[in-house]
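Listed below, chain by chain, are the residues.
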Amino acid sequence: MFETGHLIQKIYNIWMVNWNVMPADSRNPDISVSDILLYNSCPRRVYFVSRGFELFPEINASRLERMLLKELSLNYPEIVNKCSLNADTLCKELEAALNQAYEDLPIMFPGDFARIEGGVLEEGSARARAKIPEIVANLLKGLEEYGKDTMLAALTPVKTEPFLSSEKINLKGVPSKIVRFEGTDVPSILKPGSCPVQGVWASDRIHAASLALLLEAESGKEVPFAFVEYVSFGLLRKVVIRSSDRREVLKICRRVEKIKAGLMPEKTEEKFCTQCTFSEHCVSNSSLMSKFF
């Protein structure tokens, strides 16, 4: 009897998701930069998250590693500014900052960390710690190539996580930080994932462009570039904001509005589909009936 009830509930969930009958506000729904990031990974993720599905049901070792490295990177300016720039000193300072981040994160995210098992904490911390030698090497290389003052200007926030919004393009978002570089306030985003050999990933370019548009709306001044900081590697990349980037942001915003208003995007097979938290509910409309049997 229990199995039958569970099956009926599962069928009901699939039907609700795939036939767009879950409630949605069709009156110009708010769009955030996080929606753009979800859209770039998979348009259907926007649909599920906008209807209350959890994007990250739990913190695993990989996510904890990313959280620690992101928090660690906020200490780069202070560490670079105060310590003698040699590998041993820099390594010790970064390890101390990582230890502090390990202690601070449960206070900052108590709900998430209440559900974490000890083994996950240890593995995530060990994975983050293993990145420090490469971070040190790349920070030193950047300091040698660009100079300490230039690196500090690009790393040091004048604002951390400010809320930005634009009524004109119906978009809101929070950059990791705003830095003042060459006399201009520009957004900087912290990315804990992989890093391309040169430049930035296409999705990171769109992320940077969306924040540049918001900062322009806030300041009334053109924002010609942004920074992407690949925190797992200690690498900083400057991104020139092109007209094609701006066009792409506007196009995605309009598509996201339709999705959040109730449009279910077509299902596409992506390389991360098997790891997606929504995979149980994400089926094509044409195969929906097969889920009933």
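Here's a quick rundown of the structure. From a predicted model like this one, the values you see are computed outputs, not experimental measurements.

Observations concerning the pairing of strand 7 (residues 225–230)
When a strand is regular, its side chains alternate between the sheet's two faces. Buried residues dominate strand 7, accounting for six of its six residues. Here strand 6 (residues 184–191) pairs with strand 7 via four bridges, running parallel. For Ser 188, the partnering residue across the bridge sits in strand 7 and is Phe 227. Between strand 6 and its parallel partner strand 7, the chain crosses via helix 11 (residues 202–219), and the hand of that crossover is right-handed. The pairing of strand 7 with strand 8 (residues 235–240) spans six bridges and is classified as antiparallel. What sits directly across from Phe 225, in strand 8, is Val 240. Connecting strand 7 to the antiparallel partner strand 8 that follows it, the hairpin turn spans four residues, and Gly 234 within it adopts a positive phi of roughly 70°.

Focus: the packing of helix 11 against helix 12 (residues 243–260)
Helix 12 packs onto helix 11 with a crossing angle of 90° between their chain directions and a minimal axis gap of 9 Å. The orientation of helix 11 relative to helix 12 falls into the category roughly perpendicular. Here Arg 205, Ile 206, Ala 209, Ser 210, Leu 213 and Glu 216 of helix 11 lie close against helix 12, whose contacting residues are Asp 245, Arg 246, Glu 248, Val 249 and Ile 252. Across the contact of helix 11 with helix 12, the residue classes break down as five nonpolar, one polar and five charged.

Observations regarding the sheet that holds strand 6
Strand order in the open sheet made by the five strands is 2-5-6-7-8, with mixed pairing throughout. The open sheet has two edge strands, strand 2 (157–160) and strand 8, and neither has a second partner. Within this sheet the neighbouring strands show an average axis-to-axis angle of 30°, counted without direction. Here helix 10 (residues 148–155) sits on the sheet in contact with strand 2, strand 5 (177–181), strand 7 and strand 8, set at roughly 145° to strand 5.

What to know about the pairing of strand 6
With six of eight residues buried, strand 6 is to be regarded as a mostly interior element. Alignment of strand 5 against strand 6, held across five bridges, turns out to be antiparallel. Within strand 6, the residue paired with Arg 180 across the bridge is Asp 185. Linkage of strand 5 to strand 6, two consecutive antiparallel strands, is achieved through a turn of two residues, within which Glu 182 is found at a positive phi near 55°.

Considering the sheet that holds strand 1 (residues 31–32)
In space, the three strands of this open sheet follow the order 1-4-3, with mixed pairing throughout. Strand pairing shows two members of the sheet lacking a second neighbour, strand 1 and strand 3 (164–166), which therefore form its edges. Judged from the three bridges that link them, strand 3 and strand 4 (residues 171–173) form a sheet pairing that is antiparallel. Note that in strand 4 the partner of Ser 165 across the bridge is Lys 172. The strands touched by helix 11 are strand 3 and strand 4; relative to strand 3, the strand with the most contacts, the crossing angle is about 80°.

Considering helix 4 (residues 61–73)
Given a rise of 1.5 Å per residue, 13 residues ought to cover 18 Å, and the 18 Å separating the end C-alpha atoms of helix 4 matches this to within 8%. Those residues of helix 4 not exposed but buried are Ala 61, Arg 63, Leu 64, Glu 65, Met 67, Leu 68, Leu 69, Leu 72 and Ser 73.

Thoughts on the nonpolar core
Within soluble globular proteins, side chains that are nonpolar tend to cluster in buried spots. If you look at the biggest cluster of nonpolar residues, it comprises 43 residues, and the most contacted ones within it are Ile 36, Leu 171, Phe 227 and Val 249. Sorting the residues of this core by element identifies helix 2 (33–41), helix 3 (43–50), strand 5, strand 6, helix 11, strand 7 and helix 12 as the ones contributing at least two each. Among residues more than four places away in sequence, those in contact with Phe 227 are Ala 154, Val 179, Phe 181, Val 186, Pro 187, Ser 188, Ile 189, Leu 236, Arg 237 and Lys 238. By size, the runner-up hydrophobic cluster in this structure holds 29 residues, among which are Tyr 76, Ile 116, Leu 155 and Val 231.

Topic: the pattern of salt bridges
In total, this model carries 13 salt bridges according to the counting rule given. A salt bridge links Lys 251 to Glu 248, with the nearest nitrogen and oxygen atoms 3.1 Å apart. Note that Lys 251 and Glu 248 are positioned in helix 12 at a spacing of three residues, about one turn of the helix. Here the salt bridges do not stand alone but share partners, grouping Glu 65, Glu 123 and Arg 127 into one network.

Parameters at a glance
- Residues numbered from 1 in each chain as written.
- Predicted model: local features only at pLDDT ≥ 70, side-chain atom pairs only at ≥ 80, totals over all residues.
- Heavy atoms only, no water.
- Buried < 20%, exposed > 50% of the residue type's maximum accessible area, 1.4 Å probe, protein only.
- Helix = DSSP H or I, 4+ residues; strand = E, 2+ residues; numbered from the N terminus.
- Pairing = 2+ DSSP bridges.
- Right-handed = clockwise from strand over helix to strand, strands pointing away.
- Axes fitted to C-alpha atoms, helices over the stretch in contact; angles between N-to-C directions.
- Parallel < 35°, antiparallel > 145°, perpendicular 65-115°, else oblique.
- Contact = heavy atoms within 4.5 Å.
- Nonpolar A, V, L, I, M, F, W, Y, C, P; charged D, E, K, R; others polar.
- Expected span 1.5 Å × (residues − 1).
- Core = buried A, V, L, I, M, F, W, Y, C linked by side-chain atoms within 4.5 Å.
- Salt bridge = Lys/Arg side-chain N within 4 Å of Asp/Glu carboxyl O.

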